[in-house]
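Examining the three-dimensional arrangement
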Amino acid sequence: MRFRERCSLLGIIAAAAAVGLGTAAPAQAAPAGDVQPYIVGGTRAAQGEFPWMVRLSMGCGGAMYTPQIVLTAAHCVSRTGPNTGITATVGTVDLNSGGTRVRSTYVHRSPTYNTSTGGDWALVKLASPVSGVPTLPIATTTAYNSGTFDIAGWGAAREGGAQQRYLLKAKVPFVDDATCASPGGIYNDLIPRAELCAGNMASGGVDTCQGDSGGPMFRRDGSGNWIQVGITSWGRGCARPNAPGVYTEVSTFASAIADAARRI
Ligand code: ARG
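Residues numbered from 1 in each chain as written. Predicted model: local features only at pLDDT ≥ 70, side-chain atom pairs only at ≥ 80, totals over all residues. Heavy atoms only, no water.

Quick word on the overall build of the protein
The line we're drawing: To qualify as a helix, a DSSP run of H or I must reach at least 4 residues; to qualify as a strand, a run of E must reach at least 2; elements of each kind are numbered from the N terminus. Think of it in three bands: residues with accessible area under 20% of the maximum for their type are buried, residues over 50% are exposed, and the middle band is partly exposed, with areas taken using a 1.4 Å probe on protein chains only. For the accessible areas, the method is Shrake-Rupley and the probe is 1.4 Å, while residue cover comes only from the protein chains on display.
On a plain count of helices and strands, the protein comes out with three helices and 14 strands. The 264 residues of the protein split such that 54% are buried. As presented, the protein carries roughly 10500 Å² of accessible surface, and 53% of it is formed by carbon and sulfur atoms.

If you want it as structure tokens, here you go:
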């Protein structure tokens, strides 16, 4: 497997456990003081602002794809098959209060992940549908794979930082594949059709980070509705200049995702 600074599943589980974000343990306290580092370079999301956002207990994000299926990253899950070990928290920005907690029953991991085709996506089927929570439609064409994107998650607010209790959000500009790959290093591994880059190329400062993986990157479509264009996948560190965030290019995998969702 080519080396990339992705999070390994073991690393994700260790990080989630270290901050007590399991099903029973309390999450980390809200940041105090007036310097509040959020997502990286973001702000707190309002309750209900991104109602389809999901926190998964292994320490990843996700989005409601159907009322009973969460779309997340392949690198957040181990393998395809029955799986009752994941808890999804849905419907609250505060991991310590409100919302609904539902266990998983089955995981489908993209069969093309870790191949030259790429495809860092997975589906988590829940034990029961979550009511009162809208789903986030995914992009089926490349029409929205540019512009300014929204990102959100409970991951670290700075490189090496702790997981967050409250959902954080930020906006990041699209970075084209050639520019994204231009710094060399691990970005030489970029798979143009499978991956979409976003971030401030020259200055950095705003990004997803560890623990945001699996969460959606999204924007408004032509009718003003939210549409998911990316899945948080990897990057070199977080929010560094010349090191954009890399997201699964959802439109490339939209039909594979839909097919898998029909089968599970
Ligand atoms: N792989 C990380 C995770 O599992 C996400 C890293 C995103 N990094 C970035 N610089 N945008 O949470």
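Alright, that's what it looks like, and here's the rest.
Overview of the pattern of salt bridges
Basically, it comes down to this: Within this document, salt bridges are pairs made up of a side-chain nitrogen of Lys or Arg and a carboxyl oxygen of Asp or Glu, the two lying within 4 Å of each other.
A full pass over the atoms with the stated rule returns five salt bridges. In this structure, the salt-bridge partner of Arg-262 is Asp-259, at a minimum N-O distance of 2.5 Å. Here Arg-262 pairs with Asp-259, and both are found in helix 3 (residues 250–263), just three residues apart, close to one helical turn.

Topic: the pairing of strand 4 (residues 69–72)
Put simply, the rule reads: In short, DSSP must find at least two bridges between two strands for them to pair.
Here strand 4 shows two buried faces, one formed by Ile-69 and Leu-71 and the other by Val-70 and Thr-72. Note: strand 3 (residues 60–66) against strand 4, three bridges, orientation antiparallel. When the bridges of strand 4 are listed, Thr-66 appears paired with Ile-69. Inspection of the sheet shows strand 4 paired to strand 8 (residues 122–126) by four bridges, in the antiparallel sense. The partner of Thr-72 across the bridge, within strand 8, is Ala-122.

So, the pairing of strand 8
Of all five residues making up strand 8, four are buried, and the element is well covered by its neighbours. For strand 7 (residues 100–109) and strand 8, the ladder comprises five bridges, and the chain directions are antiparallel. Looking across to strand 8, one finds that Val-107 is bridged to Val-124.

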